[in-house]
Amino acid sequence: MDKKTMFKLMSLGGVVLGFVGTLLSGWADDKEQEAIIEEKVNEALAARASEENEEEAEEP
């Protein structure tokens, strides 16, 4: 295998690794964002339930 062919293969491999890295980074960012959203929704639901329980306790 000559140097030119080897260089092309290494360049192609670098491009493929860069593409895979970009996909994995995007996937990880999406998962992190989903976790944050889920946490915020759970906090809001817990606060809502707490408010409803307080209102029920105040009624005679």
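Predicted model only: the values in this text are computed from it and were never measured.

Asker: Can you help me understand a nonpolar patch on the surface in this one?
Answerer: A contiguous nonpolar surface patch, about 590 Å² in accessible area, is contributed by Leu12, Val16, Phe19, Val20, Leu23 and Leu24. Inspection of the secondary structure assignment puts Val20 in helix H1 (residues 3–58).

Asker: I keep staring at the pattern of salt bridges and nothing clicks. Help me out?
Answerer: Opposite charge on two side chains lets them pair, provided their charged atoms get close. One pass over the structure, following the stated rule, counts one salt bridge. For Glu34, the salt bridge identified is with Lys31, shortest N-O distance 3.9 Å. Note that Glu34 and Lys31 are positioned in helix H1 at a spacing of three residues, about one turn of the helix. Using a relative accessible area of 46% as the deciding quantity, one classes Glu34 as partly exposed. Lys31 gets classed as partly exposed once you look at its relative accessible area, which sits at 41%.

Criteria and thresholds
- Residues numbered from 1 in each chain as written.
- Predicted model: local features only at pLDDT ≥ 70, side-chain atom pairs only at ≥ 80, totals over all residues.
- Heavy atoms only, no water.
- Patch = residues over 30% accessible without salt bridge, like charges linked within 9 Å, V, L, I, M, F, W, Y side chains within 5 Å.
- Areas by Shrake-Rupley, 256 points an atom, 1.4 Å probe, with all protein chains shown as cover.
- Salt bridge = Lys/Arg side-chain N within 4 Å of Asp/Glu carboxyl O.
- Helix = DSSP H or I, 4+ residues; strand = E, 2+ residues; numbered from the N terminus.
- Buried < 20%, exposed > 50% of the residue type's maximum accessible area, 1.4 Å probe, protein only.

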